[in-house]
Amino acid sequence: DDAISRNNFDALVCKIRGSILLLGPMLARFGVVRLPLPGGCSIGARPVDLFLESMNALGANLTIDEESGCIVGHCSKLVGTTFRFDKVSVCATEAFLM
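Before going into details, it helps to say that this report is about the structure given with it. (Residues numbered from 1 in each chain as written. Predicted model: local features only at pLDDT ≥ 70, side-chain atom pairs only at ≥ 80, totals over all residues. Heavy atoms only, no water.)

**Concerning the environment of C75**
Thinking step 1. Note on placement: C75 falls in the loop between β3 (70–74) and α4 (90–97).
Thinking step 2. For C75, a relative accessible area of 9% gives the class buried.
Thinking step 3. In the structure, C75 is positioned 13 residues away from L62 in sequence and 8.6 Å away in space, judged by C-alpha atoms.
Thinking step 4. Those residues in contact with C75 that lie beyond four places of it in its chain are L27, G31, G59 and A60. (Helix = DSSP H or I, 4+ residues; strand = E, 2+ residues; numbered from the N terminus. Buried < 20%, exposed > 50% of the residue type's maximum accessible area, 1.4 Å probe, protein only. Contact = heavy atoms within 4.5 Å.)

So this is what it looks like as C-alpha cells:
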C-alpha cells in the first residue's frame, strides 16, 4: 500500500538528519520533492534555510509547508551556478554539490 510506505518513509526521515541530502537527487530525478523536515541531531535543532537557498539558486522552487512539516518544491531542471553560503555548513555544501 502506497500510503503505508509513505508513512514509514516519513517516520524514518524525521529521525535522520542526513535525510536532507536527498533534496538535490530527488529534484534532479523526479522534478518534485516532498521531504519531511529532518531530525535526529544530537546537538539540537538546526535550520534548513541554507539548503533551501542553495537549491533555489540552482533553479528549484522549495518552501517549507508549515502544515505538514515538509520541504516541498519542484524544478524543471537544476542548473549549476556559483553560490556563496552566508555561514559555513558542511552538510549544506554537500547537498549543493550533489
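**Examining the packing of aromatic side chains**
Thinking step 1. Scanning the model with the defined rule gives three aromatic pairs in all.
Thinking step 2. Judged by centre distance (4.9 Å) and plane angle (80°), the ring pair of F83 and F85 falls under edge-to-face.
Thinking step 3. Its relative accessible area of 19% is what places F85 among the buried residues.
Thinking step 4. On the basis of relative accessible area, F83 is assigned to the partly exposed category, the value being 23%.
Thinking step 5. An aromatic cluster of at least three residues, connected via ring pairs, comprises F83, F85 and F96. (Phe/Tyr/Trp six-rings, centres within 6.5 Å; stacked < 30°, edge-to-face > 60°.)

**A short note on the side chain of S89**
Thinking step 1. The residue S89 is located in the loop between β3 and α4 in this model.
Thinking step 2. For S89, the side chain forms a polar contact with the main-chain nitrogen of A92, separated by 3.1 Å. (Polar contact = N/O pair within 3.5 Å; in protein donor to acceptor, adjacent residues only side chain to side chain.)

**Looking at helix α3 (residues 49–57)**
Thinking step 1. Buried residues of α3: L50, F51, L52, S54 and M55, and no others.
Thinking step 2. Backbone geometry just downstream of α3 places G59 in the positive-phi region, at approximately 115°.

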